Amino acid sequence: MINKQSPLPIYFQIETMIRQQIERGELKPGEALPSERIYAEEFGISRMTVRQAITNLVIAGLLYREKGRGTFVAENKMEQHLSGLTSFTEDMKKRGLTPGSRLLTFQIAPAPKKIAGRLQIKEGAPIYEVTRLRLADDVPMALETLFVSTDLVKDLNEEIVISSLYEYVEGKLNLKIGHALQSIEAISPGEKEREYLQVSKDVPVMLMARHTFLEDGRPLEYVQSSYRADRYKFMIEIKR
Ligand code: GLP
């Protein structure tokens, strides 16, 4: 299967072979890959070459390494459609997964200038600042920090944010969520992302910022969520 005469570098041929085995289901999510030594012996190539192929697949998110245990095939990426203004809770339930949150911080703080501008309140006015690790079937999916005005979202508490913010806003406060502006950018994981999303610094993270407005135009929230780029992909339908 490996052609040493080919102009294609050997590491690339190995990489392609493993990629195809994953695509065809010959290597399944969670399955351990043979060791570098076995590949090297089978194809008569150096372990360095094998390592390069495997590292590329780790960076691409198809494989992951566990210290002392080996290399494994990653779970299929979760697709998130960006067509509707849905909550994390709704997204996970739609997929048949159980949503959950681990509350990392919950505080009332004076709004810094930027956040105040986004929420259209005075700088220093009180806001809730909440950081949650969002879970699906107990697996960390996203690290999320939200900012909302204490004036608009009254009596928010820890119990509510462990469950669903949108359910509270619509179901209890009877506010109507209208639209949001959302941006996505790739970042290298910072210390917090590495710790809570359990990623190494080689795995990119997608930072999603959502600025959500009520139907009457008042800003409801400004939220930053970091998703593991090796677990998630975003789908957007585009029309001509
Ligand atoms: C997503 C959005 C956030 C929003 C959250 C609400 O994660 N990115 O902007 O605050 O959903 O989710 P829930 O209602 O589950 O708290």
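Everything below is about the structure shown above.
This text gives an overview of the structure that appears in the document. (Residues numbered from 1 in each chain as written. Predicted model: local features only at pLDDT ≥ 70, side-chain atom pairs only at ≥ 80, totals over all residues. Heavy atoms only, no water.)

### Regarding the overall build of the protein chain
- The helix and strand inventory of the protein chain stands at eight helices and 10 strands.
- The proportion of buried residues among the 240 residues of the protein chain is 44%.
- Counting only contacts in the protein chain whose residues sit at least 6 apart along the sequence, the fraction spanning at least 24 positions is 56%.
- As displayed, the protein chain has an accessible area near 13900 Å², and 49% of this comes from carbon and sulfur atoms.
- Of the charged side chains in the protein chain, 34 are positive and 33 negative, and the gap between their average positions amounts to 3 Å. (Helix = DSSP H or I, 4+ residues; strand = E, 2+ residues; numbered from the N terminus. Buried < 20%, exposed > 50% of the residue type's maximum accessible area, 1.4 Å probe, protein only. Contact = heavy atoms within 4.5 Å. Areas by Shrake-Rupley, 256 points an atom, 1.4 Å probe, with all protein chains shown as cover. Lys, Arg positive; Asp, Glu negative; His and termini not counted. Charge placed at Lys NZ, Arg CZ, Asp CG, Glu CD.)

### Concerning unusual backbone geometry
- The phi dihedral of Q120 is positive, around 50°, even though this residue is not glycine.
- Locating Q120 in the fold gives a position in the loop between α5 (113–119) and β5 (126–136).
- Judged by its relative accessible area of 57%, Q120 is exposed.

### Here we look at the site of the ligand
- In the vicinity of the ligand there are 13 residues, among which T89, E144, S164, L165 and E221 approach most closely.
- In the model, an oxygen atom of the ligand is placed 2.9 Å from a nitrogen or oxygen of the R134 side chain.
- In the environment of the ligand, an oxygen atom lies 3.1 Å from a nitrogen or oxygen atom belonging to the backbone of Y166.
- Contact with the protein chains covers 99% of the free accessible surface of the ligand, which is 390 Å².
- Per-element accounting of the shell around the ligand gives the leading share, three residues, to strand β9 (residues 219–228). (Near = heavy atom within 4 Å. Polar contact = N/O pair within 3.5 Å; in protein donor to acceptor, adjacent residues only side chain to side chain.)

### Quick word on the pattern of salt bridges
- Summed over all chains, the structure comprises nine salt bridges.
- For K154, the salt bridge is made with D151, and the minimal N-O distance between the two is 3.8 Å.
- Among the charged side chains, a salt-bridge network with shared partners connects R132, R134 and E144. (Salt bridge = Lys/Arg side-chain N within 4 Å of Asp/Glu carboxyl O.)

### Digging into the sheet that holds strand β4 (residues 99–110)
- A sheet is described by the order of its strands in space; here six strands give the open sequence β4-β5-β6-β9-β8-β7, paired in antiparallel fashion. Lying at the two open borders of the sheet, with one neighbouring strand each, are β4 and β7 (177–187). Each adjacent strand pair in this sheet contributes to an overall mean axis angle of 15°, direction not counted.
- Note: β7 against strand β8 (residues 205–214), 10 bridges, orientation antiparallel. From the neighbouring strand, E185 faces β8, where its bridge partner is L207. (Pairing = 2+ DSSP bridges. Axes fitted to C-alpha atoms, helices over the stretch in contact; angles between N-to-C directions.)

### Observations regarding the pairing of strand β10 (residues 232–235)
- Only one face of β10 is covered, namely the face carrying Y232 and F234; the face carrying K233 and M235 is uncovered.
- Pairing geometry for strand β3 (residues 78–81) and β10, over four bridges, is parallel. Across the sheet, the residue bridging to E79 is K233, located in β10.

The values reported here are purely geometric and, on their own, carry no functional implication.
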